[in-house]
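What follows is the residue order along each chain.
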Amino acid sequence: MSLRIVVCVKYVPDATGDRHFAGDLTVDRDDVDGLLSELDEYAVEQALQIADAADDAEITVLTVGGEDAKDALRKALSMGADKAVHVEDDELHGSDVMATSLVLAKAVEKTGYDLVICGMASTDGTMGVLPAILAERLGVPQVTLLSEVKVEDGTVTGRRDGDSASEQLQASLPAVVSVTDQSGEARYPSFKGIMAAKKKPVQSLDLEDLEIDAAEVGLAGSWSAVDSATQRPARTAGTIVKDEGEGGKQLAEFLVSQKFI
Amino acid sequence: MAEVLVYVDHVDGAVRKPTLELLTLARRLGDPVALALGAGAQATAPVLAEHGAVKVLTSDAPEYADYLVVPKVDALQAAHELVSPVAVLVPSSAEGKEIAARLAVRIGSGIITDATDLEAGTDGPIATQAAFAASFTTKSRITKGVPVITVKPNSAPVEAAPAAGTVQPLTVSFSAQATGTKVVSRTARESTGRPELTEAAIVVSGGRGVNGAENFHLIEALADSLGAAVGASRAAVDAGWYPHSNQVGQTGKSVSPQLYIANGISGAIQHRAGMQTSKTIIAVNKDAEAPIFDLVDYGIVGDLFNVVPQLTNEINTRKG
Ligand SMILES: Cc1cc2nc3c(=O)[nH]c(=O)nc-3n(C[C@H](O)[C@H](O)[C@H](O)COP(=O)(O)OP(=O)(O)OC[C@H]3O[C@@H](n4cnc5c(N)ncnc54)[C@H](O)[C@@H]3O)c2cc1C
Ligand SMILES: Nc1ncnc2c1ncn2[C@@H]1O[C@H](COP(=O)(O)O)[C@@H](O)[C@H]1O
């Protein structure tokens, strides 16, 4: 039996660009260049390694996003994933994590899966809760925030480095996994991989295909609302001095003046 | 008065500071009812009472330690059913966020994560959050169900507000999913004796400029002279110079101390994401063009190997 892996990847505005909100207070995804979230590259990488270690595996990359999000799928395919699913629907604009997770859960079920792999967080929303929500919605174990992951004989094991302890986790498949940026550097697509990706199948699905009522998603259907977004005022220019041998002492003076010592 | 459910983060009965901050915020919304789980749950009651908890629900069972997240969600859901709160507040740790998120799905509510402030509003609590590496501040609300909100450390002062804090054991029946993910083993992190990074009033960090694990003692010595926590950039962590648990930034800890001192750190957007809400920022960097200088209140353009030991010395001398 083939191991069916679904990797959830998000197309996000480049963090080094001038990220901001659109007029409706959703993330502006048009003005800033987008890319496959760097943190989801780690998920693709672990999927590839798990597939390599399995006798037989198939990797589907899945995204919920606008037309441009195809770029993220293409990148993941060029890294070595086998096929892609793109959920796209005008009604999805402005969906929050509850709405997005609903769509992802339906799409994962429709695709068929033994293992879902997510990144630790999206680099735009940075909530880091979607994998747990997905596990809750799918009714399967959550094995999240792993810095090391292995799949063997229908069991997933991994290491989760928490605040106060490092834990070794174990669960039976099917399961939802998320991996951190400590899990191992993601590979670069090879030229061969980029060429091969052009021929790999990308399936498009909309809300009707997933039997989701438009009222449950999008800006109006979301479970939370943003009322205002204001740019943090630039920090007032500080004092910058060149060290002429007394820099440490000058810093100490500053700390005294600010009552830190 | 309406009740607000507060999830307690504690280690064997010792309540962590972010939970006490949460009680301060909870009191703006109603009467706090606390939920403490696992070994030592009962021992949390006196300190919670002192900070405003009218009631402390407790439950201890091996499941809380032996399985990941879900048993705690089951307990929070049981508490939610018992209390019918106007809001559920959870500390924003990695685990806290996951517990809160799964509860939100179950009770049909929206979720807000990583709030940095909370106030009462006519349509329920209004949460302040930082967005895009803290370059924006947003105000948000939950529009469906009972608001479930996770709050970052250092978002509110700890305030004494004595209340009854009556202990009440909570009956929890675990769901079929509770035993899905087994914690096979757990290795506790060794304590360094320094303050917790996310809770510290002062953080002293080192980056690639520290140039080797063997030099991090310079950063540690400065931190110790100030009673500070030690942080590191991802470059320093990836090089193996300092543990990942000390990483500051988007994929590490996000800190908001009174004072942040960045040494040999350029100030990449992912690092800024974790420290730019610090009250006072100091940087030592030999490159005058380093972006970190855009953030500083005071910056020294110089070699950290000269500046940092001199500063440490000066502080220690002044302390006498
Ligand atoms: C998805 C993603 C997530 C990330 N998450 C994080 C994160 O959580 N935290 C994080 O920190 N980074 C993160 N990064 C990495 C980030 O982009 C930077 O690469 C990193 O912060 C650089 O670390 P640095 O400033 O120590 O190193 P550099 O950028 O190499 O800067 C070193 C600085 O030290 C100075 N220096 C060198 N020698 C000396 C000396 N003797 N005295 C004084 N100054 C000296 C140099 O002038 C330079 O400015 C992330 C990146 C990505 C893509
Ligand atoms: N729109 C999306 N499409 C596909 N996967 C997503 C989407 N949003 C979030 N994810 C996945 O969920 C993880 C955590 O996201 P978040 O909880 O939004 O920070 C990401 O790393 C992705 O793996």
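Residues numbered from 1 in each chain as written. Chains lettered and ligands numbered in written order. Predicted model: local features only at pLDDT ≥ 70, side-chain atom pairs only at ≥ 80, totals over all residues. Heavy atoms only, no water.

As annotated in an unreviewed UniProt entry, chain B carries the name Electron transfer flavoprotein subunit alpha/FixB family protein and comes from Streptomyces beijiangensis. Per UniProt, the comment on chain B under Subunit (unreviewed entry) is "Heterodimer of an alpha and a beta subunit." Per UniProt, chain B carries the Function (unreviewed entry) text "The electron transfer flavoprotein serves as a specific electron acceptor for other dehydrogenases. It transfers the electrons to the main respiratory chain via ETF-ubiquinone oxidoreductase (ETF dehydrogenase)." (UniProt positions renumbered as here; feature names shortened; annotations may be inferred.)

Under an unreviewed UniProt entry, chain A has the name Electron transfer flavoprotein subunit beta and belongs to Streptomyces beijiangensis. Note on chain A: under the UniProt heading Cofactor (unreviewed entry), the record states "FAD". Within the UniProt record for chain A, the comment given under Subunit (unreviewed entry) is "Heterodimer of an alpha and a beta subunit."

Asks: Is there a simple way to think about helix H1 (residues 17-29) of chain B in this case?
Replies: Two residues of an α-helix separated by three or four positions point the same way, owing to the 3.6 residues in each turn. Within H1 of chain B, 10 of the 13 residues are buried, which leaves the element mostly enclosed by the surrounding structure. Those residues of H1 of chain B that sit buried are Pro18, Thr19, Leu20, Glu21, Leu22, Leu23, Thr24, Leu25, Ala26 and Leu29 of chain B. (Buried < 20%, exposed > 50% of the residue type's maximum accessible area, 1.4 Å probe, protein only. Helix = DSSP H or I, 4+ residues; strand = E, 2+ residues; numbered from the N terminus.)

Asks: Just checking my understanding: could you explain the site of ligand 2 for this structure?
Replies: All names here are of chain A. Neighbouring ligand 2 are 18 residues, the closest being Cys8, Asp40, Val64, Ser122 and Gly128. Residue Gly119 places a main-chain N or O atom 3.0 Å away from an oxygen atom belonging to ligand 2. A distance of 2.8 Å is found between an oxygen atom of ligand 2 and a backbone nitrogen or oxygen belonging to Ser122. In isolation ligand 2 offers 480 Å² of accessible surface; the protein chains occlude 96% of this area. For the shell around ligand 2, the elements supplying multiple residues, two or more each, are strand S4 (57-64), helix H3 (97-111), strand S6 (115-119) and helix H4 (130-138). Sorting elements by how many residues they give to the shell around ligand 2 places S4 first, with three residues. (Near = heavy atom within 4 Å. Polar contact = N/O pair within 3.5 Å; in protein donor to acceptor, adjacent residues only side chain to side chain. Areas by Shrake-Rupley, 256 points an atom, 1.4 Å probe, with all protein chains shown as cover.)

Asks: Is there a simple way to explain the site of ligand 1 in this structure?
Replies: As a structural note, the neighbourhood of ligand 1 is formed by 27 residues, with Arg208, Ser233, Ser266, Gln270 and Asn285 of chain B the closest of them. Residue neighbours of ligand 1 fall on chains A and B, so the site bridges chains. One of the backbone N or O atoms of Arg234 of chain B is found 2.9 Å from an oxygen atom in ligand 1. Protein contacts shield 82% of the accessible area of ligand 1, which totals 980 Å² for the unbound molecule. Here the residues of the shell around ligand 1 sort into seven nonpolar, 14 polar and six charged. (Nonpolar A, V, L, I, M, F, W, Y, C, P; charged D, E, K, R; others polar.)

Asks: Would you mind going over the environment of Lys199 of chain A with me for this structure?
Replies: Within the secondary structure layout, Lys199 of chain A lies in the loop between helix H5 (191-197) and strand S11 (202-205). Along the primary structure Lys199 of chain A and Asp33 of chain A are separated by 166 residues, whereas in three dimensions their C-alpha atoms are 25 Å apart.

Asks: For this particular structure, what's the right way to read the interface of chain B and chain A?
Replies: A common way to express how large an interface is: the accessible area buried when the components associate. The interface of chain B with chain A comprises 81 residues on the first partner and 77 residues on the second. Counting the surface lost from both chain B and chain A, the interface buries some 7,000 Å², and carbon and sulfur atoms represent 55% of this. One can count nine salt bridges joining chain B with chain A. Among the ionic pairs, Glu136 of chain A bridges to Arg106 of chain B, the shortest N-O distance being 3.0 Å. Run the count over chain B and chain A and you get 47 residue pairs in polar contact (both at pLDDT 80 or more). Looking at which element gives the most residues to the side of chain B that touches chain A, the answer is helix H5 (residues 94-106) of chain B, with nine residues. (Contact = heavy atoms within 4.5 Å. Buried area = accessible area lost by both parts, 1.4 Å probe. Salt bridge = Lys/Arg side-chain N within 4 Å of Asp/Glu carboxyl O.)

Asks: I tried to follow the UniProt feature "domain: Electron transfer flavoprotein alpha/beta-subunit N-terminal" (unreviewed entry) in chain A on my own but got confused; where do I start?
Replies: Under the present numbering, the feature "domain: Electron transfer flavoprotein alpha/beta-subunit N-terminal" (unreviewed entry) in UniProt falls on residues 24-214 of chain A. A helix fraction of 30% and a strand fraction of 29% characterise residues 24-214 of chain A, whose end C-alpha atoms lie 18 Å from each other.

Asks: Looking at this structure, how should I read the side chain of Ser109 of chain B?
Replies: With respect to the helices and strands, Ser109 of chain B occurs in the loop between H5 and strand S7 (111-115). Excluding residues within four positions of it along the chain, Ser109 of chain B makes contact with Met98 and Trp223 of chain A together with Ala104, Lys144, Gly145, Val146 and Val148 of chain B.

Asks: Please clarify how a nonpolar patch on the surface should be interpreted in this entry.
Replies: Residues Phe191, Ile194 and Met195 of chain A make up a contiguous nonpolar surface patch of roughly 310 Å² in combined accessible area. Looking at the secondary structure, you find Met195 of chain A in helix H5. (Patch = residues over 30% accessible without salt bridge, like charges linked within 9 Å, V, L, I, M, F, W, Y side chains within 5 Å.)

Asks: So what exactly am I meant to see when it comes to the sheet that holds strand S4 (residues 31-37) of chain B here?
Replies: Strands in a sheet are paired, the pairing made by backbone hydrogen bonds, and the direction either parallel or antiparallel. Residue and element names in this part refer to chain B. Sheet architecture is open: seven strands sit in the order S7-S11-S6-S1-S4-S5-S12, paired in parallel fashion. In this open sheet, the two strands that pair with only one neighbour each are S7 and strand S12 (166-169). Neighbour to neighbour, the strand axes of the sheet diverge by 25° on average, direction disregarded. In the sheet, strand S1 (residues 3-7) pairs with S4 via five bridges, with the strands oriented parallel. Paired with Val4 across the bridge in S4 is Pro32. (Pairing = 2+ DSSP bridges. Axes fitted to C-alpha atoms, helices over the stretch in contact; angles between N-to-C directions.)

Asks: Mind showing me how you'd approach the pattern of salt bridges here?
Replies: Oppositely charged side chains are able to pair whenever their charged atoms sit close together. By the definition in use, this model includes 32 salt bridges over all chains. One salt bridge in this structure joins Arg4 of chain A and Asp114 of chain A, with 3.2 Å as the shortest N-O distance. Note that Arg4 of chain A is positioned in strand S1 (residues 3-8) and Asp114 of chain A in the loop between H3 and S6, a separation of 110 residues in sequence. Overall, the relative accessible area of 32% leaves Arg4 of chain A in the partly exposed class. Linking Arg102 of chain B and Glu136 of chain A is a salt bridge whose minimum nitrogen-to-oxygen distance equals 2.7 Å. In this pair, Arg102 of chain B is assigned in helix H5 and Glu136 of chain A in helix H4, connecting two distinct chains. When sorted by exposure, Arg102 of chain B lands in the same class as Glu136 of chain A, which is buried. Several salt bridges share partner residues, and in doing so they unite Glu136 of chain A together with Asp74, Arg102 and Arg106 of chain B into one network.

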